[in-house]
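Summary of the model geometry
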Number of protein chains: 2
Amino acid sequence: MSLNLLIRWRKALIKERHVLDEIFNPRSIAVVGASPDPNKAGYHFFKGIVDLKFDGAVYPINLNGGDVLGFKSYRSLRDVPAPIDYVIVAIPAYKVPEIIEDCVVTGVKTVHIFTSGFSETGKADRMELEAQIAEIAKAKNVHVIGPNCMGIYHPKIGLSNFGIFQSKESGSVGFVSQSGGNTGDFSRMGLVRGLRFSKLVSYGNAVDLDSTDFMEYFAWDPETKIICAYIEGVKDGRRFAKILKEAAKAKPVLILKGGLTKAGARAVSSHTGVLAGSDSIWNALFNQTGAIQVESLSEMIDLALAFSYMSVPKGRKVGIVGIGGGASVAVADFCEKAGLIVPSFTEDTIKRLEKITPVAGTSVKNPVDSPVGHRVAVPEYEETLELVASDPQIDLLIIHLTIDWRIHTPEDRKNLHDLTEVLIKNKKNLGKPVATVLRSCQSLNSWQAFLEEQNRCSEGGIPVYLTLEDASNAVIKLIQYYEFRQKAT
Amino acid sequence: MSLNLLIRWRKALIKERHVLDEIFNPRSIAVVGASPDPNKAGYHFFKGIVDLKFDGAVYPINLNGGDVLGFKSYRSLRDVPAPIDYVIVAIPAYKVPEIIEDCVVTGVKTVHIFTSGFSETGKADRMELEAQIAEIAKAKNVHVIGPNCMGIYHPKIGLSNFGIFQSKESGSVGFVSQSGGNTGDFSRMGLVRGLRFSKLVSYGNAVDLDSTDFMEYFAWDPETKIICAYIEGVKDGRRFAKILKEAAKAKPVLILKGGLTKAGARAVSSHTGVLAGSDSIWNALFNQTGAIQVESLSEMIDLALAFSYMSVPKGRKVGIVGIGGGASVAVADFCEKAGLIVPSFTEDTIKRLEKITPVAGTSVKNPVDSPVGHRVAVPEYEETLELVASDPQIDLLIIHLTIDWRIHTPEDRKNLHDLTEVLIKNKKNLGKPVATVLRSCQSLNSWQAFLEEQNRCSEGGIPVYLTLEDASNAVIKLIQYYEFRQKAT
């Protein structure tokens, strides 16, 4: 990183526009290796930005010339008759240095190198090739993302990082990832589950910009409210710790650290060629900064949903409303094991619940197992939620419903729709944070209904979980985050 | 339980037909409360056995007479002109005792009482009603399953316990459950995931037959190779421990114990009216018997899949083959955290892998991250699996594939099909146990492809997991089971 860049970053700390914001907001993009052949990565990168209708000029660069997806291609970056802010490189490794030279000559600001086959191979000639690229870029002030990565996905402006499953809908979740595959998995899985993203970046071998730089940017970025990160290794531990502490103070930071076991660390070295760092160092870092460690991308999505959609719970006392005795036992067990409190309701709440709840096959204690029946009575369901939410013993609600019983006739399906409508309509009325579990056996029919209802819920600002254990885990980590922040201030 | 029954059970221990086998194999069934109204539970119970084409006589019993689903109904059990082995009762609680009297008079062998609203309500009059039923049944040697439960699902003979999502396909997994909802969830989720069942039984408040009785039966039952159980409480702890020890010696036993937390225990008492028992007692029981504790129904399904389809691994050393650097790091971390060993391959294996693996974006160490590309070269994939499986360092394989990249064109879809075909075709050749992870973002398209490929794999005898962590967890518990059994003998 140049001195110039350091000075500009210093300025960023006093709330000016962060220097990396230009990198995330290019006005023109060229794809080197763009091709009409769907077997080439360059095809998918170019198609991605075309499909998302990128808000600026796009140029396919292809040695053979011709059209790519209806766009006239150029044989070289040097032939493009206008300035280029951002270049995506998807050609074999040994050709990359000359492309970087082209970038220098034509005044390109940022190069994203998708190409792999550099230091991560552990081979001397490949490491040298990577060093060569780093040197040219550093000397000439060209920013490099990668190599061996997927680059930037910025949905709002239509900057895609591969195209498949991507959407222009944007939201408040940022993701910094050393792994390209994890970036794709996280964005696809997250979109399906109701997350919406501000910006994603995959930075691979990180010869120039790395996790620390992007962490600092996301801490600044006004579009990003929740920072998610997949990290294999960091270069300057001291600087990373400092930036992470500031980021976690500003916003929730969720980190999946890859390579904390011996076998994982060996895989990290084959993957992005870095050192993974020890378990104890990372534990200390999580404890000191309040950044939240997650164990998988699915858990990261669960937590990001809670931070995206739930208001701040006043405490750990959860009121549970659902259907099914076994599920009620399970959710009570999961909540208490996670560290939540499942208190008894006040006598007043119990009396009122008893009035609207049939005696057989139900419980009006916490968890409430009611109202029963193949089709649920909507007014009683609504009243049950209101009674539980207004109990002074309760800080937040977990609500669970089974999809499978409610999809076999149009009337059943309508009943399911009406029940989620009650949740969405009453979200504000209830006055307390709500997490929902829609339980599905995941047959194709059941999953279709799950996705429909989940999408309605997340559009209505309610997070939906697949299992009772996922919901209790997400909720306790949300609460622990706010507890940490309160102690820290 | 009567003295007579005890004597017959004693005989069962010397390998005669177990006395409960008659209960699981009735030749005729009557449903009291069978109705043409789909809002009544009796409709669904009757429809279930009709839809599964029960191998015997079926009689709807309905006070109003008339036809039910084309079957002539009777106003009372006493009017049925033939012997009835099994009666399902789905009418309000206060009417149940007179039905039990009818059963006594007409010589019915087993009554399954679906009806709830008995001791689990905690109300004195309801507890008395339950005691009354228990007394009549005990005095007259009528077996009772329940009340407050779903009864028996025996797919092979078409005895359904509610009908929704049920199938006549049978397999080797038995399930004993105190909860009706959990029985439904487990059977639906399990069927979707590729499990096939011998028999399921939900026994609720257990006034007569309870978990211990059914555990003993499943230990004997030649159709059941794997015993799964959801238990809230047991009555005679000493007898249960003894039977469990014998059962776990004969077959893998997987137990989800509900109510091990305070809140869970309170929910248990509202659900089936029993005492949950302490955490330390249950821990000791698991340690002594080798029965395997699971934390959720999903985990139970994961483990039952491993026991259903995987041969016995010789040790803990796992070879991993997949696509994606981030996923390779994650699976290595998950395996090592779980207690598996991810050894380096021999130099010979590495050299051979290098010959067929491109250098960029891959790794030929363990985990293998190869062959890359949007479409995978099938012969190289097959050779990779063979090389890893034949490495003397390796005891078993975990193989992971991403669905999402392989469903957007017919060629991609065919490639995915060809890759799973390689797994199925080579299952025996590889000579070592295999677990597979098919990773999906769970969009509707992706999920459809997942289900299609998963079904092919499970028909081919390969267990499929949704996540890398689920696969490593299932595999280590499979290995630990065999380690325990080896030590115990």
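What counts and what doesn't
Residues numbered from 1 in each chain as written. Chains lettered and ligands numbered in written order. Predicted model: local features only at pLDDT ≥ 70, side-chain atom pairs only at ≥ 80, totals over all residues. Heavy atoms only, no water. Helix = DSSP H or I, 4+ residues; strand = E, 2+ residues; numbered from the N terminus. Rg over C-alpha atoms; globule rule 2.2 N^0.38 Å. Contact = heavy atoms within 4.5 Å. Areas by Shrake-Rupley, 256 points an atom, 1.4 Å probe, with all protein chains shown as cover. Lys, Arg positive; Asp, Glu negative; His and termini not counted. Charge placed at Lys NZ, Arg CZ, Asp CG, Glu CD. Least-squares fit on C-alpha atoms with pLDDT ≥ 70 in both. Phe/Tyr/Trp six-rings, centres within 6.5 Å; stacked < 30°, edge-to-face > 60°. Buried < 20%, exposed > 50% of the residue type's maximum accessible area, 1.4 Å probe, protein only. Pairing = 2+ DSSP bridges. Axes fitted to C-alpha atoms, helices over the stretch in contact; angles between N-to-C directions. Buried area = accessible area lost by both parts, 1.4 Å probe. Salt bridge = Lys/Arg side-chain N within 4 Å of Asp/Glu carboxyl O. Nonpolar A, V, L, I, M, F, W, Y, C, P; charged D, E, K, R; others polar. Core = buried A, V, L, I, M, F, W, Y, C linked by side-chain atoms within 4.5 Å. Right-handed = clockwise from strand over helix to strand, strands pointing away.

The subject of this paragraph is the overall build of chain A. Along its length, chain A carries 17 helices and 18 strands. Computed over C-alpha atoms, the radius of gyration of chain A comes to 25 Å, within 12% of the 23 Å expected from 2.2 N^0.38 for 489 residues, which places it in the range of a compact globule. Reported as C-alpha extents along the three principal axes, the dimensions of chain A are approximately 80 × 50 × 40 Å. In chain A, the proportion of contacts linking residues at least 24 apart, taken out of those at least 6 apart, comes to 75%. For chain A, the accessible area works out to roughly 18200 Å², and carbon and sulfur atoms hold 53% of it. Averaging the locations of the 56 positively and 55 negatively charged side chains of chain A gives two centres separated by 4 Å.

Screw-axis analysis of chain A against chain B gives a translation of 0.0 Å along the axis, an RMSD of 0.0 Å, and a rotation angle of 180°. Both copies of the chain, as the preceding transformation shows, are related through a two-fold rotation axis.

Time to look at the environment of B:Gly174. Residue and element names in this part refer to chain B. In this fold, Gly174 is placed in strand S9 (residues 173–177). Put simply, Gly174 and Thr224 are 50 residues apart on the chain and 5.6 Å apart in space, counted from C-alpha to C-alpha. Those residues within four positions of Gly174 in sequence are excluded, and the remaining contacts are Ser198, Lys199, Phe218, Thr224, Ile226, Ile227 and Cys228.

The next point concerns the packing of aromatic side chains. Residues and elements named next belong to chain A. Applying the stated criterion across every chain, the model contains 35 aromatic pairs over all chains. Aromatic pair Tyr217 and Trp220: ring centres 5.8 Å apart, planes at 40°, arrangement tilted. Taken together, the residues span about one helical turn, with Tyr217 and Trp220 both in helix H7 (residues 211–220) at a distance of 3 residues. Classification of Tyr217 by relative accessible area gives buried; the value is 0%. In textbook terms, an aromatic cluster arises when at least three aromatic residues are bridged by ring pairs, as seen for Phe24, Tyr203, Phe214, Tyr217, Phe218 and Trp220.

What follows concerns the sheet that holds strand S16 (residues 396–402) of chain B. All names here are of chain B. One open sheet accounts for 5 strands, arranged S15-S14-S16-S17-S18; its pairing is parallel. Two strands close off the open sheet at either side, each with one partner strand: strand S15 (368–369) and strand S18 (464–465). As defined by bridge partners, S16 adjoins strand S17 (residues 434–439) across 6 bridges and the pair is classed as parallel. The residue of S17 that forms the bridge with Thr402 is Arg439. Along the sheet face, helix H12 (residues 325–338) touches strand S14 (318–322), S15, S16 and S17 and points at about 145° away from the line of S16.

Across the contact, 75 residues belong to chain A and 75 residues belong to chain B. Across the chain A/chain B interface, buried area totals approximately 5600 Å², and carbon plus sulfur atoms make up 56% of it. In this assembly, chain A and chain B are joined by 7 salt bridges. Notably, a salt bridge pairs A:Asp185 with B:Arg439, separated by 2.1 Å at the nearest N-O pair. For the side of chain A that touches chain B, the elements supplying multiple residues, two or more each, are helix H6 (180–193), helix H9 (262–271), helix H12 (325–338) and helix H16 (444–459) of chain A. Among the elements that make up the side of chain A that touches chain B, the one with the highest residue count is H12(A) (10 residues). Among the residues forming the side of chain A that touches chain B, the class breakdown is 26 nonpolar, 30 polar and 19 charged.

On to the nonpolar core. Residues A:Phe186, A:Tyr381, B:Phe186 and B:Tyr381 are the most contacted members of the largest nonpolar core, which totals 180 residues. The contact partners of B:Phe186, leaving out residues within four places of it in the chain, are B:Val173, B:Phe175, B:Leu195, B:Phe197, B:Cys228, B:Leu297, B:Met300 and B:Ile301. In this structure, B:Val19, B:Trp220, B:Val253 and B:Phe286 belong to the second largest nonpolar core, which totals 48 residues.

A separate point is the pairing of strand S6 (residues 110–113) of chain A. Residues and elements named next belong to chain A. Neither face of S6 is open: one carries Thr110 and His112, the other Val111 and Ile113, and all of them are buried. The pairing of strand S5 (residues 86–89) with S6 spans 4 bridges and is parallel. Its bridge partner lying in S6, Val87 is registered against Val111. Assessed by its sense of winding, the connection that carries the chain from S5 through helix H4 (residues 96–106) to S6 is right-handed. Here S6 runs beside strand S7 (residues 143–145); their pairing, made up of 3 bridges, is parallel. Across the sheet, the residue bridging to Thr110 is His143, located in S7. Of the crossover connections in this fold, the one passing from S6 over helix H5 (residues 124–139) to the parallel S7 is right-handed.

For the bond running from A:Gly146 to A:Pro147, omega is 0°, close enough to zero to count as cis. Residue placement: A:Pro147 occurs in the loop between S7 and strand S8 (151–153). At B:Lys53, a position not held by glycine, the phi torsion is positive, near 50°. With respect to the helices and strands, B:Lys53 occurs in the loop between helix H3 (41–51) and strand S2 (57–61). Positive phi is not limited to glycine here, since B:Asn141 has a value of about 60°. By secondary structure assignment, the location of B:Asn141 is in the loop between helix H5 (124–139) and strand S7 (143–145).

Turning next to the side chain of B:His400. Residue and element names in this part refer to chain B. Of note, His400 is situated in strand S16. Note on His400: relative accessible area 0%, which makes it buried. Excluding residues that lie within four positions of it along the chain, His400 makes contacts with Ile320, Val321, Gly322, Ile323, Ala327, Ser328, Val331, Val437, Arg439 and Leu468.

Each regular strand shows side chains that alternate between the opposite faces of the sheet. All names here are of chain A. The buried fraction of strand S14 (residues 318–322) amounts to 5 of the 5 residues, a majority that puts the element mostly inside the structure. Here S14 shows a buried face lined by Val318, Ile320 and Gly322 and a second buried face lined by Gly319 and Val321. Bridge analysis of S14 against strand S16 (residues 396–402) gives 4 bridges, and the strand direction is parallel. Along S16, the bridge assignment pairs Val321 with Ile399.

Residue and element names in this part refer to chain B. This model, assessed by the stated rule, comprises 55 salt bridges over all chains. Residue Arg196 pairs with Glu169 through a salt bridge whose shortest N-O separation is 3.1 Å. Here Arg196, found in the loop between helix H6 (180–193) and strand S10 (197–202), pairs with Glu169, found in the loop between strand S8 (151–153) and S9; they are 27 residues apart in sequence, far enough to count as distant. For Arg196, a relative accessible area of 22% gives the class partly exposed. Relative accessible area serves as the criterion here: at 47%, Glu169 is assigned to the partly exposed category.

Residue and element names in this part refer to chain B. Taken in spatial order, the 5 strands make up an open sheet running S2-S1-S5-S6-S7, and their pairing is parallel. The open sheet is flanked by S2 and S7, the only strands paired with a single partner. On average, adjacent strands in this sheet sit at an angle of 20° to one another, irrespective of strand direction. In terms of strand pairing, strand S1 (residues 28–32) meets strand S5 (residues 86–89) through 4 bridges, oriented parallel. Within S5, the position partnered with Ile29 by the bridge is Tyr86. Together, S1, S2, S5 and strand S6 (110–113) form the strand contacts of H3, whose direction differs from that of S1 by roughly 160°.

Residue and element names in this part refer to chain B. Taken residue by residue, helix H4 (residues 96–106) has Val96, Pro97, Ile99, Ile100, Asp102 and Cys103 as its buried positions. Contact partners of the buried residues in H4: S1, S5, S6 and H5. Positive backbone phi, approximately 75°, marks Gly107, located one or two places after H4.

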